[in-house]
Amino acid sequence: MNLIPIDDPQDPRVAAYLDIRERDLVGRHGRFVAEGKVVLDLLLSVGRFAAESALILENRLAGLQGVLRKAPADFPVFVAKGEVMDRIAGFHMHRGILAIGVRCAPRPAEVLLETLPAGALVVVLVGISNHDNMGSIFRNAAAFGADAVLLDPTCCDPLYRKAIRVSVGAALKVPFAPFGDAMSLIATLNRLGFSQFALSPRGETEIRAAERTSRLALYLGTEGEGLPETVLNRLRTVRIGMAEGFDSLNVAAASAIALHQFSRR
């Protein structure tokens, strides 16, 4: 392993890790931060995104030998004591494991869809702007074998540090792609033989009565407003049955129930 001790928080070699929270807001120019052992393992083993370097707390290094061996021999592993690492990050790094990943140019949804198998389950997200929900939906998508996640322009970034962390690295594993217009996407999915269900508390069919076809796209909308009426009016709507007097679930919880229902794993 290419271990590089870091004693100075201003060392230019770790500039990408400086003031993490501030740069969460202003952006990283084609890069993202992966945090934690499981996330680092997925970044290095899945191979969907290139890893540029890692910054590891000195006393965590011994427990990461197996993970770091998955990286190329010349992969820079910066090693720092706790005080130095905290000053680099700008806050206390109790996990002590960070890495910089490199974004790739996103494939449009239409291109990703053409690569999916004959039996595919796709999650379509509209207006999911909360990073906790985004991360949880990706985690559920990975757990129940979804083949792709498609995001409209109002969705937040699944490669935002918190979203990746909440997803436990699933955002690095499950393929995702942006789409611009829901009506155009609906037409594309129809052409490719997908049935399409829109999840809504006012859905016409209880979810347990909705049968999955070999190709299915499941639409989820933001909490509160839900999916736009233009989408609900075009698609078959399904609901999750609940106790009388209560008709709403957190969108992440709803995604877990729906993905479990329609998963073939």
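Structural data are supplied above this passage.
Described in the following lines is the structure provided in the data block. Fair warning: this is a prediction, and the values are worked out from it, not measured in the lab.

**What about a nonpolar patch on the surface?**
And then number 1: On the surface, Met242, Phe246, Leu249 and Ile257 cluster together to form a nonpolar patch covering roughly 340 Å² of accessible area.
And then number 2: Along the polypeptide, phenylalanine 246 turns up in the loop between strand 12 (236–239) and helix 10 (251–262).
And then number 3: Of the residues examined, phenylalanine 246 reaches a relative accessible area of 55% and is grouped as exposed.

**As for the packing of helix 6 (residues 131–143) against helix 10**
And then number 1: At their nearest, the axes of helix 6 and helix 10 sit 9 Å apart, and the two run at 10° to each other. The orientation of helix 6 relative to helix 10 falls into the category roughly parallel. Counted together, Asn133, Ser136, Ile137, Asn140 and Ala141 of helix 6 and Val251, Ala252, Ser255, Ala256 and Leu259 of helix 10 form the full contact between these two elements.
And then number 2: Here the residues of the contact of helix 6 with helix 10 sort into six nonpolar, four polar and no charged.

**Quick notes on the sheet that holds strand 11 (residues 215–221)**
And then number 1: Strands sit in the order 8-7-6-11-9-12-10 across an open sheet of seven strands; the sheet is parallel. Edge positions in the sheet fall to strand 8 (176–178) and strand 10 (205–206), since each has one partner strand and no second.
And then number 2: Strand direction decides the pairing type here: strand 6 (residues 120–126) and strand 11, joined by seven bridges, are parallel. Opposite valine 123, over in strand 11, you have leucine 218 as the bridge partner.
And then number 3: With respect to the sheet, helix 10 is in contact with strand 6, strand 9 (195–199) and strand 11, its orientation differing from that of strand 11 by roughly 165°.

Here is what the cut-offs are and how they apply
- Residues numbered from 1 in each chain as written.
- Predicted model: local features only at pLDDT ≥ 70, side-chain atom pairs only at ≥ 80, totals over all residues.
- Heavy atoms only, no water.
- Patch = residues over 30% accessible without salt bridge, like charges linked within 9 Å, V, L, I, M, F, W, Y side chains within 5 Å.
- Areas by Shrake-Rupley, 256 points an atom, 1.4 Å probe, with all protein chains shown as cover.
- Salt bridge = Lys/Arg side-chain N within 4 Å of Asp/Glu carboxyl O.
- Helix = DSSP H or I, 4+ residues; strand = E, 2+ residues; numbered from the N terminus.
- Buried < 20%, exposed > 50% of the residue type's maximum accessible area, 1.4 Å probe, protein only.
- Axes fitted to C-alpha atoms, helices over the stretch in contact; angles between N-to-C directions.
- Parallel < 35°, antiparallel > 145°, perpendicular 65-115°, else oblique.
- Contact = heavy atoms within 4.5 Å.
- Nonpolar A, V, L, I, M, F, W, Y, C, P; charged D, E, K, R; others polar.
- Pairing = 2+ DSSP bridges.

So far we have only geometry, and geometry alone does not tell us how the molecule works.
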